[in-house]
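# Examining the three-dimensional arrangement
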Amino acid sequence: NAGELNEHQHLQGKLRLTLNNGDALNTDMLIMSIGVRPENTLAQNADLELGAFGGISVNEHLQTSDPYIYAVGDAVEDPDFITGKPSFVPLAGPANRQGRMAADNMLGRKESYQGTQGTAIVKIFDLAVASVGKNEKLLKRDNIAYEKVYV
């Protein structure tokens, strides 16, 4: 663990990064991937139940701890597709499906959201990398049998 980025400065076409632990790195490029946190202020003010990741807890019908309030998208924790345990996967596709399903459920239907299978894709210049589902580290942690493939 190299530590967090503390400061950066430009030096003759290079970028010098100083980490919180005192280490310094000279590089041509810096890519920061800082993640997403759910905005839950409104949910906290409404005394709704929050999950371990800070997202709003919802049931399979996307109802919060108050059955008259529904929540979807980047603010919710929904069941992991593989384990069924609460997870936080802020993606547009699942948010869209959840929104449509919550609207249907508000109008009397009883559709159930089956969980999110996280997908990630990044393209850097000509290289594209993608993943879907749980990674090896998480599968090992949860003691789930798996196979891996490099393509």
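Going by the structure above, here's the rest.
Thresholds, definitions, all that
Residues numbered from 1 in each chain as written. Predicted model: local features only at pLDDT ≥ 70, side-chain atom pairs only at ≥ 80, totals over all residues. Heavy atoms only, no water. Helix = DSSP H or I, 4+ residues; strand = E, 2+ residues; numbered from the N terminus. Expected span 1.5 Å × (residues − 1). Buried < 20%, exposed > 50% of the residue type's maximum accessible area, 1.4 Å probe, protein only. Arc of directions from axis to C-beta. Pairing = 2+ DSSP bridges. Patch = residues over 30% accessible without salt bridge, like charges linked within 9 Å, V, L, I, M, F, W, Y side chains within 5 Å. Areas by Shrake-Rupley, 256 points an atom, 1.4 Å probe, with all protein chains shown as cover. Salt bridge = Lys/Arg side-chain N within 4 Å of Asp/Glu carboxyl O.

## Let's talk about helix α2 (residues 92-106)
Helical periodicity: at 3.6 residues per turn, an α-helix aligns residues three or four positions apart in one direction. For α2, built from 15 residues, the straight-helix expectation of 21 Å at 1.5 Å per residue is met to within 8% by its first-to-last C-alpha distance of 21 Å. Taken residue by residue, α2 has Pro 94, Gln 98, Met 101, Ala 102 and Asn 105 as its buried positions. An end-on view of α2 places all buried positions within 105 degrees of arc, on one side of the element. Residues of α2 that are exposed and point more than 90 degrees away from the buried face comprise Ala 92 and Arg 100. Directly beyond the C-terminal end of α2, a positive phi value near 110 degrees is found at Gly 108.

## Details of the pairing of strand β8 (residues 127-132)
Judged by how many residues are buried, β8 sits mostly at the surface: 0 of 6 residues are covered. Turn length for the strand β7 (residues 119-124)-β8 hairpin, with the two strands adjacent in sequence and antiparallel, is 2 residues, and the turn residue Phe 125 shows positive phi of about 55 degrees.

## Considering the sheet that holds strand β5 (residues 76-79)
With mixed pairing, the 3 strands of this open sheet are ordered in space as β4-β5-β6. Looking at which strands have only one partner, the edges of the open sheet turn out to be β4 (56-57) and β6 (86-87). Bridge count for β5 against β6 is 2 bridges, and the pairing is antiparallel. Across the sheet, Pro 79 pairs through a bridge with Pro 86, a residue of β6.

## A few points about a nonpolar patch on the surface
On the surface, Met 29, Ile 31, Val 122, Ile 124, Phe 125, Leu 127 and Val 129 cluster together to form a nonpolar patch covering roughly 690 Å² of accessible area. Elements with a minimum of two residues in the nonpolar patch: β7 and β8. Take Ile 124: it is sitting in strand β7. With relative accessibility at 34%, the residue Ile 124 sits in the partly exposed group.

Shape is all these values report; function is a separate question.
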